[in-house]
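This is what each chain is made of:
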Amino acid sequence: HCERQVIFETVFTLCDNQFVRCDLFPNRWWQVIHGSGVGIKHSGETCDMAYYVRVERELVAERVLEEHCIHKYWRLKDDILVLASDPRKFDAWLEKVKCASGYFELKDPEYGRNVAYLDLDLGISDQRFWSKPRVKSSELDVPVLSESSCHAPGILKAWPLALLSRRFSLCMSDADRN
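Being a predicted model, the structure only gives us computed values, none of them experimental.

What counts, and at which threshold
Residue positions are given per chain, counting from 1 as you read along its sequence in written order. The predicted origin of the model limits local features to residues at a pLDDT of at least 70 and limits the giving and counting of side-chain atom pairs to 80 or more, whereas totals for whole chains, interfaces and linings rest on all residues. To obtain the side-chain values, all non-hydrogen atoms of the structure were used and water was disregarded. Going along the chain from the N terminus, every DSSP run of H or I of four or more residues is numbered as a helix, and every run of E of two or more is numbered as a strand. We call two residues in contact whenever any of their non-hydrogen atoms come within 4.5 Å of each other. Axes, fitted as lines to C-alpha atoms, cover a helix only where it is in contact. Angles between the N-to-C directions of the axes lie from 0 to 180 degrees. These descriptions rest on fixed angle ranges, namely under 35 degrees for roughly parallel, over 145 for roughly antiparallel, 65 to 115 for roughly perpendicular, and the rest for oblique. Crossings are assigned a handedness: left-handed for a near helix turned anticlockwise from the far helix by less than a right angle, right-handed for a clockwise turn. Amino acids are sorted into nonpolar (Ala, Val, Leu, Ile, Met, Phe, Trp, Tyr, Cys and Pro), charged (Asp, Glu, Lys and Arg) and polar (every other residue, Gly among them). For a helix, the expected span equals 1.5 Å multiplied by the residue count minus one. Working definition: with a 1.4 Å probe on protein chains only, accessible area under 20% of the residue-type maximum means buried, over 50% means exposed, and in between means partly exposed. It is the directions from the helix axis to the C-beta atoms whose arc is reported. We call two N or O atoms a polar contact when they sit within 3.5 Å, provided that within protein one can donate a hydrogen and the other can accept it, with sequence-adjacent residues counted only if both atoms are side-chain atoms. Here, strands pair whenever DSSP counts at least two bridges between them. Here a pair means two rings of Phe, Tyr or Trp (six-membered ring of Trp) with centres within 6.5 Å. Their orientation is stacked below 30 degrees between planes, edge-to-face above 60, and tilted elsewhere.

Novice: Got a minute to help me understand the environment of C15 in this structure?
Specialist: Inspection of the secondary structure puts C15 in helix α1 (residues 2–16). When the C-alpha positions of C15 and T46 are compared, they lie 8.9 Å apart, and in sequence the two are 31 residues distant. Sequence-distant contacts of C15, defined by excluding residues within four places in its chain, comprise V32, H42 and T46.

Novice: I tried to follow the packing of helix α2 (residues 43–59) against helix α4 (residues 87–101) on my own but got confused; where do I start?
Specialist: The angle between the axes and the distance between the axes are what describe a pair of packed helices. Contact geometry for α2 and α4: axes closest at 9 Å, N-to-C directions at 150°. Judged by the inter-axis angle, α2 sits roughly antiparallel to α4. When the axes of α2 and α4 are compared, the crossing they make is right-handed. In contact with Y51, R54, V55 and L59 of α2, α4 contributes W93, K96, V97, A100 and S101. A per-class count over the contact of α2 with α4 returns 6 nonpolar, 1 polar and 2 charged.

Novice: Can you help me understand α4 in this one?
Specialist: For an α-helix, the turn length of 3.6 residues means that residues three or four places apart are oriented alike. When the terminal C-alpha atoms of α4 are compared, their 20 Å separation across 15 residues agrees well with the 21 Å that a helix rising 1.5 Å per residue should span. For α4, every residue scored as buried is listed here: F90, W93, L94, V97 and S101. One side of α4 carries all its buried residues, which in axial view fall inside an arc of 105°. Among the exposed residues of α4, those pointing more than 90 degrees away from its buried face are R88 and C99. Where α4 is buried, its residues contact α2, α3 (62–67), β3 (70–76) and β4 (79–84). Measuring from the side-chain oxygen of the N-cap residue of α4 to the backbone nitrogen of R88 gives 3.0 Å; that N-cap residue is D86.

Novice: It is not clear to me how the pairing of strand β5 (residues 114–117) should be interpreted in this structure. Could you clarify?
Specialist: Looking down a regular strand, the side chains alternate between one sheet face and the other. Burial of β5 is one-sided: the residues V115 and Y117 facing one way are buried, the residues N114 and A116 facing the other way are not. Bridge count between β5 and strand β6 (residues 120–125): 4 bridges; the pairing is antiparallel. When the bridges of β6 are listed, V115 appears paired with L122. The hairpin formed by β5 and β6 contains 2 residues between the paired strands, and L118 there has a positive phi angle of roughly 55°.

Novice: Got a minute to help me understand the sheet that holds β6 in this structure?
Specialist: Sheets are built from strands paired through backbone hydrogen bonds, the pairs being either parallel or antiparallel. What the 3 strands build is an open sheet, ordered β5-β6-β7; its pairing is antiparallel. Of all strands in the sheet, those with a lone pairing partner are β5 and β7 (128–133), marking the two edges. Here the average twist between neighbouring strands, direction ignored, is 25°.

Novice: Can you walk me through the packing of aromatic side chains in this structure?
Specialist: Tallied over the full model, the rule gives 6 aromatic pairs. Residues Y51 and F104 carry aromatic rings whose centres are separated by 5.2 Å and whose planes lie at 85° to one another, so their mutual orientation is edge-to-face. Taken as a pair, Y51 in helix α2 and F104 in the loop between α4 and β5 lie far apart in primary sequence, 53 residues in all. As far as burial versus exposure is concerned, Y51 and F104 are alike and both buried. Through a chain of ring-to-ring contacts, three or more aromatic side chains come together here, namely Y73, F90, W93 and Y111.

Quick look at the structure:
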């Protein structure tokens, strides 16, 4: 019980003491009043923990997924992919998730044999999965990481090659890499 209290107090201390600044006003700081500020180091982890406690601990248990004909559940931060075989049972499960999620805003799901997830287009054809990297128009027109960002110089230099390498790692075939 003591560990839970320490974690609780730590998270609330972090959330109550968040400050952000903007490059346009370098000498000004603003305190985050509601939620957790985007870009603050602990924001993602805090939200992950909260979503797990509110939703996943109960509704992503193996027995619950099996009961609703959900074969796979993947989540990376705020992106979720669910592979299910019974649309009616999936919809019933999704309603439970929406009720449990409380203040987390969930978008309506994409249904079908082809979906977009993270940087991938995913699909099923001839009883096989396929994946192909998605090219977003914003990636083609805008630099990925601003040189005025607060990232370390090594990150700024390595970013373009890392992005290309990541995109290649998402390809299932040589044809997709071209």
